[in-house]
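Chains, contacts and geometry: an overview
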Amino acid sequence: MRRREFITLVGGVAAWPLTARAQQPMPVIGFLNSGSAAEWAHLVAAFKEGLNELGYVEGKNVAVEYRWAQGENERLPSLATDLVNRQVAVIAAFGPPAVVAAKTATATIPIIFQVGTDPIDLGLVTSFRRPTSNLTGINIFAEVLTPKRQELLHELVPAAALVAMLVNPTSAQTQSEVRNVQAAVDKLGQPVRIFNVTTDRELDAAFATIIDQRIGGLLVQPDQFFTGRRDQLVLLTTRHAIPTVFVIAGALISYGTSLRASYRQVGAYVGRVLKGEKLADLPVQQATAFETVVNLKAARALGVTIPTGILLRADEVIE
């Protein structure tokens, strides 16, 4: 073999690994959510921030396949199955219905969840410290905070003979949330009427009844069906002067954990999985900080006076 041919051959062999590496497809993340892209854009940005912390940038070295149920939870199983069929590397699932759908669809692809109810009660994990299945994630305690929101509403409208609560009956945590609310009725002396809502038509019908019966206040379940309709709910409660306690800013009073922080945490966990960390080494994280936000602008629009006690305890007051 001539010297020049030998050098060419050796140089080509040496280049093969580099070429192979360059042609390797970037990992794909499955993103499963009950809501809609438009309503959750700010939280998707937080999710990406979490990925960025681990060195992953969408479109550069990682791809994301987004699946939105548009508030229709019955679509989640097929959306989850589609992600599995596309052989994504990991699934980020938000809210119990999405997580349960993902868990049903695969027992092998890692799933990073964000839920507001106890993940052990949901059957997602058997241990917070060392998950043993293909799931781990973030628990934001949305469900157990509902009685606290109920207390805030009672403090806000103590003279109301009846208040209402909007719930999504298809959500896994609804039954336990309703039990917690009903258990507090005797203590507070303020009955709560439950409205089951799964569609926009049912939402309009619930508000029509609340207005017609002059119900004095409103609790909104921290479910993605409602958080995905934040602007619509704020508009309706303001237009009809209904004092409301919700889980997100924009309501008269919101109380809960930071959704933005939880989405960022999910993104960071997804990044750690992509880097090869085992789920058993990623314990279920639990939210530790809770915020009360009072919207004085909304109070003025409603003609409601916020009690001094609530203002003094508020972490943020929107003027």
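In what follows, the structure referred to is the one given above.
A short tour of the structure in this document, coming up. Bear in mind the structure is a predicted one, so any value in this text is a computation, not a measurement.

Here's the deal with the overall build of the protein chain
- For the protein chain, the count of helices and strands is 12 helices and 13 strands.
- Principal-axis analysis of the C-alpha atoms gives the protein chain an extent of 100 × 40 × 35 Å.
- A total of 319 residues make up the protein chain; the buried ones form 49% of that total.
- At a minimum sequence separation of 6, the contacts of the protein chain that also span at least 24 residues come to 72%.
- Within the protein chain, the 28 negative side-chain charges are centred at a point lying 9 Å from the centre of the 30 positive side-chain charges.

Details of the side chain of T292
- Examined against the element boundaries, T292 turns out to sit in strand β12 (residues 291-295).
- For T292, a relative accessible area of 9% puts it in the buried group.
- Here T292 is in contact with I253, S254, Y255, R313, A314, D315 and E316, once residues within four sequence places are set aside.

Description of the packing of aromatic side chains
- Tallying each qualifying case throughout the model produces eight aromatic pairs.
- The structure contains a cluster of three or more aromatic residues connected by ring pairs, namely F31, W40, F47, Y66, W68, F94 and Y263.
- The ring of F225 has R229 lying over it, and the distance from NZ or CZ to the ring centre is 3.8 Å.

Considerations on the sheet that holds strand β3 (residues 90-94)
- Sheet architecture is open: six strands sit in the order β2-β1-β3-β4-β5-β11, paired in parallel fashion. Each edge of the open sheet carries a strand with a single partner, namely β2 (63-68) and β11 (285-286).
- Where β3 and strand β4 (residues 111-115) come together, four bridges link them in parallel fashion. In the sheet register, A92 faces β4, and the bridge partner there is I112.
- Along the sheet face, helix α2 (residues 41-53) touches β1 (28-33), β2 and β3 and points at about 150° away from the line of β1.
- Seen against the sheet, helix α3 (residues 76-85) touches β1, β2 and β3 and runs at an angle of roughly 180° to β1.

Focus on helix α9 (residues 230-239)
- L233, L236 and T237 are the residues of α9 that are buried. Looking straight down α9, one finds that the buried residues subtend no more than 95° of arc, so they occupy a single side.
- Contact partners of the buried residues in α9: β6 (163-167), α7 (200-212), β8 (218-220), α8 (224-227), β9 (244-246) and α11 (296-302).
- Trailing α9 by a residue or two, A241 shows a phi angle of about 55°, which is positive.

Considering the nonpolar core
- L153, L156, L252, I253, V294 and I306 are the most contacted members of the largest nonpolar core, which has 28 residues in total.
- When residues of this core are assigned to their parent elements, the largest contribution, four residues, is made by α11.
- Beyond its immediate stretch of four places on either side in the chain, V294 contacts L252, I253, I306, I310, L311, A314, E316, V317 and I318.

Observations concerning unusual backbone geometry
- Even without glycine at this site, Q87 takes up a positive phi of about 55°.
- Tracing the backbone shows Q87 in the loop between α3 and β3.
- Accessibility expressed as a relative area gives 69% for Q87, which makes it exposed.
- We note that R214 has phi near 55°; this positive angle belongs to a residue other than glycine.
- Relative to the helices and strands, R214 is located in the loop between α7 and β8.

The rules behind each value
Residues numbered from 1 in each chain as written. Predicted model: local features only at pLDDT ≥ 70, side-chain atom pairs only at ≥ 80, totals over all residues. Heavy atoms only, no water. Helix = DSSP H or I, 4+ residues; strand = E, 2+ residues; numbered from the N terminus. Buried < 20%, exposed > 50% of the residue type's maximum accessible area, 1.4 Å probe, protein only. Contact = heavy atoms within 4.5 Å. Lys, Arg positive; Asp, Glu negative; His and termini not counted. Charge placed at Lys NZ, Arg CZ, Asp CG, Glu CD. Phe/Tyr/Trp six-rings, centres within 6.5 Å; stacked < 30°, edge-to-face > 60°. Lys NZ or Arg CZ within 6 Å of the ring centre and 35° of its normal. Pairing = 2+ DSSP bridges. Axes fitted to C-alpha atoms, helices over the stretch in contact; angles between N-to-C directions. Arc of directions from axis to C-beta. Core = buried A, V, L, I, M, F, W, Y, C linked by side-chain atoms within 4.5 Å.

So far we have only geometry, and geometry alone does not tell us how the molecule works.
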